[in-house]
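Coordinates in review
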Amino acid sequence: MVLEKLGRSLDNAIRTIRRLPKVDKDAIDALIQQIQRALLGSDVKVELVFEMTENIRKEAMNTKLQKVRRKDFVIKLIHDELIKLLGGKPAPIRIKTGKKNVILLVGIQGSGKTTTIAKLAKYYKSKGYKIAALTTDTWRPGAYEQLEQLSEQIGVKCYGNPNEKNAIKIAIQETKKAINDGNDIIIVDTAGRHKEEKELMKEMAIIEQKLKPNEIILVIDGTLGQQAFNQAEAFAQTTNLGSIIVTKLDGTAKGGGALSACAASNVGIRFIGMGEKVDDFEEFESSKFVGTLLGIPDIESLVQKVQEAEVDIEPEMVKRMMHGKFTLDDLYLQLKSIKKVGKFKQILSMMGGGNIPDALKEDAEANLAKWEVVLNSMTQQEKDNPKIIKKTRKRRIAIGSGTQYSVINKMLDQYNAMKKFMKRFLQMQKKGKGMPGMPGLPGGKGAADFMKKLGKF
Ligand SMILES: Nc1nc2c(ncn2[C@@H]2O[C@H](COP(=O)(O)OP(=O)(O)OP(=O)(O)O)[C@@H](O)[C@H]2O)c(=O)[nH]1
Ligand SMILES: [Mg+2]
């Protein structure tokens, strides 16, 4: 497994927190220490580690948490912060069929360019493209033969000219040949060693200018750890880098440092290499990667669970509701901001609970688009006080908005049901009782505390 040691430490931290009966401040402190130790042990830069763990500390005791078990929330926090640390996914390389597509690999000597060319060629070949591998390396002894051998292994044609010493000439001529042979993608290898570094960079810049690649990918040796940052920065200054491939993540303890350093350079990581064989290669997806690292393969469902339970409440909305002021615009805005009645139900239960009228149980989202049209055909007076909308007016609104009469009726039914429900709800709150029919939910005091949390009413 890639970053095995880091994975094991993080997995342990997650297991510890899962086992605890209660997640309190001490538990969070212990967790943070474990995470810090794990990341520093993987050569992640100290500043990045502290920034990340500080974010976890700040958020972990979030008082808004009601329904979510704090454990899940904290695990999701770690997950999100690790994703931030490892960066997002770069936009996919756009391959235009029937056009010249060139991917140029650059990087210092021994970083794994030539090996990665073969891996990348295999990856794109499996997607149905006709691939050419091309070398412009005139410095490494046997560079052409190395790529030729690897190409043979995966069944793609190798281009290059071991007798030519001018890399630019090779790049132009061999690319032309590869295009004439009907290849879809030409993956170009470059030199890693040179007379001097300046010359190498100059050569890269000219090859870029001549071949106009779809993307330039920097190949970085993962065993460099956080030092990878300097390399990424240096290449980003001279070439138009599109993404990074981090190699040799097998068997290095510094992988976390290399990945986070590349992410910090703001060039996204596209693939990772974890072995010498052509199959030791995978697309880098931070979310999936972090899931594996944390030992939670079904991280998506955990994330979803927490997101669904997180309640983002508009204080303005609650304020209006508490004052019993409620118009058609409010109904529309509220349903729009909370999107689903499910969420709305959650808010109401936090405020003291209650039976949601049947009319409100329908998916609000489905109605919103229709309602918007209807509301646009109404006067402000009608929206503020829908009682004044009589039959003839309803008919005219239906014609004016091009909607069915039944849509207007349904909207008004929902409005009335909601208004009635809120009136009853407010009465019960005044009496200090919860809503009938919802045993176990907080009564008036619970609601009052909740309102206090929301701020000035
Ligand atoms: N363990 C491991 N070894 C790798 C990986 N990728 C490349 N290597 C090895 O690293 C060494 C250098 O790889 P090359 O592909 O020749 O590197 P290069 O960047 O082309 O080097 P130059 O052509 O000299 O600039 C080889 O022995 C590879 O087998 C990897 O992901 N894991
Ligand atoms: Mg090479």
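Overview of the structure. Given the structure is predicted, the values throughout are model-derived calculations rather than measurements.

1. Digging into the overall build of the protein
- Within the protein, the secondary structure is distributed over 20 helices and eight strands.
- In the protein, buried positions account for 49% of the 457 residues.
- Sequence-distant contacts in the protein: of pairs separated by 6 or more residues, those separated by 24 or more amount to 73%.
- Summed over all atoms, the accessible surface of the protein reaches about 23000 Å², with 49% contributed by carbon and sulfur.

2. Regarding the site of ligand 1
- Around ligand 1 sit 20 residues in total, of which Lys-113, Thr-114, Thr-115, Asp-250 and Glu-276 are the nearest.
- Side-chain polar atom of Asp-250 to a nitrogen atom of ligand 1: 2.8 Å apart, as the coordinates give it.
- Calculation on ligand 1 without its partners gives an accessible area of 650 Å², and the protein chains cover 84% of this total.
- With four residues, helix 5 (residues 113–125) is the single largest residue contributor to the shell around ligand 1.

3. Here we look at helix 7 (residues 167–180)
- Between its first and last C-alpha atoms helix 7 spans 20 Å; for 14 residues at 1.5 Å apiece the expected length is 20 Å, and the two agree.
- For helix 7, every residue scored as buried is listed here: Ala-167, Ile-168, Ile-170, Ala-171, Glu-174, Thr-175 and Ala-178. Down the axis of helix 7, the buried side of the element spans an arc of 150°, and every buried residue falls inside it. Structural note: helix 7 exposes Lys-176 and Asn-180 on the side pointing more than 90 degrees away from its buried face.
- At the N-terminal boundary of helix 7, the capping side chain belongs to Asn-166, with an oxygen 2.9 Å from the backbone nitrogen of Ile-168.
- One or two steps after helix 7, the chain reaches Gly-182, where phi turns positive at roughly 80°.

4. Quick word on the environment of Thr-238
- Its place among the elements puts Thr-238 in helix 9 (residues 228–238).
- With a relative accessible area of 39%, Thr-238 lands in the partly exposed category.
- As a C-alpha pair, Thr-238 and Ala-205 span 33 residues in sequence and 7.0 Å in three-dimensional space.
- Sequence-distant contacts of Thr-238, that is, excluding residues within four places in its chain, are made with Met-201 and Glu-208.

5. Some thoughts on the environment of Arg-395
- With respect to the helices and strands, Arg-395 occurs in helix 18 (residues 391–401).
- Taking relative accessible area as the criterion, Arg-395 reaches 47% and is therefore assigned partly exposed.
- Sequence separation between Arg-395 and Ser-406 is eleven residues; the distance between their C-alpha atoms is 9.9 Å.

6. Some remarks on the side chain of Thr-403
- Mapped onto the elements of the fold, Thr-403 is located in the loop between helix 18 and helix 19 (405–431).
- On the basis of relative accessibility, which here comes to 18%, the residue Thr-403 falls in the buried class.
- Within polar-contact distance, the side chain of Thr-403 engages the side chain of Ser-401 at 2.4 Å.
- Other than its neighbours up to four places away in sequence, Thr-403 contacts Val-374 and Ala-398.

7. Concerning the packing of aromatic side chains
- All chains considered together, the criterion is met by five aromatic pairs.
- Between Tyr-124 and Tyr-129, the ring centres sit 6.1 Å apart and the planes meet at 65°, which makes this aromatic pair edge-to-face.
- A relative accessible area of 7% places Tyr-124 in the buried class.
- Here Tyr-129 falls in the partly exposed class, since its relative accessible area comes to 23%.

8. Comments concerning the packing of helix 7 against helix 8 (residues 197–211)
- Two numbers describe how helix 7 lies on helix 8: the axes approach to 10 Å, and their chain directions differ by 25°. With respect to each other, helix 7 and helix 8 are oriented roughly parallel. The hand of the helix 7/helix 8 crossing is right-handed. Here Ala-167, Ile-168, Ala-171, Ile-172 and Thr-175 of helix 7 lie close against helix 8, whose contacting residues are Glu-203, Ile-206, Ile-207, Lys-210 and Leu-211.

9. Notes on a positive patch on the surface
- A surface patch of like charges, here positive, comprises Lys-387, Lys-390, Lys-419 and Lys-423.
- Its place among the elements puts Lys-390 in the loop between helix 17 (380–384) and helix 18.

10. Quick look at unusual backbone geometry
- Phi at Asp-43 takes a positive value of approximately 70°, unusual for a residue other than glycine.
- By the secondary structure assignment, Asp-43 is in the loop between helix 2 (25–41) and helix 3 (46–60).
- A positive phi is found at Lys-248, a non-glycine position, where the angle reads about 55°.
- Position of Lys-248 among the secondary structure elements: in the loop between strand 6 (241–247) and helix 10 (255–264).

11. Some details on the sheet that holds strand 4 (residues 185–189)
- Pairing is mixed across the open sheet formed by eight strands, whose spatial order is 3-2-4-1-5-6-7-8. Among the strands making up the open sheet, the edge pair consists of strand 3 (157–159) and strand 8 (281–283). Taking the axes of each pair of neighbouring strands and ignoring which way they run, one obtains an average angle of 25° across the sheet.
- Where strand 7 (residues 269–273) lies against strand 8, three bridges are found, and the strand directions are antiparallel. The partner of Ile-272 across the bridge, within strand 8, is Glu-282.
- Sheet strands touched by helix 8: strand 1 (101–106), strand 4 and strand 5 (215–221). Its angle to strand 1, the strand with the most contacts, is close to 175°.

12. Thoughts on helix 18
- Buried within helix 18 are the following residues: Lys-394, Ile-397, Ala-398 and Ser-401. One side of helix 18 holds all its buried residues, which, seen down the axis, span an arc of 100°. Of the exposed residues in helix 18, those oriented more than 90 degrees away from the buried face are Thr-392, Arg-396, Ile-399 and Gly-400.
- Positive backbone phi, approximately 65°, marks Gly-402, located one or two places after helix 18.

How each quantity is defined
- Residues numbered from 1 in each chain as written.
- Chains lettered and ligands numbered in written order.
- Predicted model: local features only at pLDDT ≥ 70, side-chain atom pairs only at ≥ 80, totals over all residues.
- Heavy atoms only, no water.
- Helix = DSSP H or I, 4+ residues; strand = E, 2+ residues; numbered from the N terminus.
- Buried < 20%, exposed > 50% of the residue type's maximum accessible area, 1.4 Å probe, protein only.
- Contact = heavy atoms within 4.5 Å.
- Areas by Shrake-Rupley, 256 points an atom, 1.4 Å probe, with all protein chains shown as cover.
- Near = heavy atom within 4 Å.
- Polar contact = N/O pair within 3.5 Å; in protein donor to acceptor, adjacent residues only side chain to side chain.
- Expected span 1.5 Å × (residues − 1).
- Arc of directions from axis to C-beta.
- Phe/Tyr/Trp six-rings, centres within 6.5 Å; stacked < 30°, edge-to-face > 60°.
- Axes fitted to C-alpha atoms, helices over the stretch in contact; angles between N-to-C directions.
- Parallel < 35°, antiparallel > 145°, perpendicular 65-115°, else oblique.
- Left-handed = near helix turned anticlockwise from the far one by under 90°.
- Patch = residues over 30% accessible without salt bridge, like charges linked within 9 Å, V, L, I, M, F, W, Y side chains within 5 Å.
- Salt bridge = Lys/Arg side-chain N within 4 Å of Asp/Glu carboxyl O.
- Lys, Arg positive; Asp, Glu negative; His and termini not counted.
- Charge placed at Lys NZ, Arg CZ, Asp CG, Glu CD.
- Pairing = 2+ DSSP bridges.

Geometry only, nothing functional implied.
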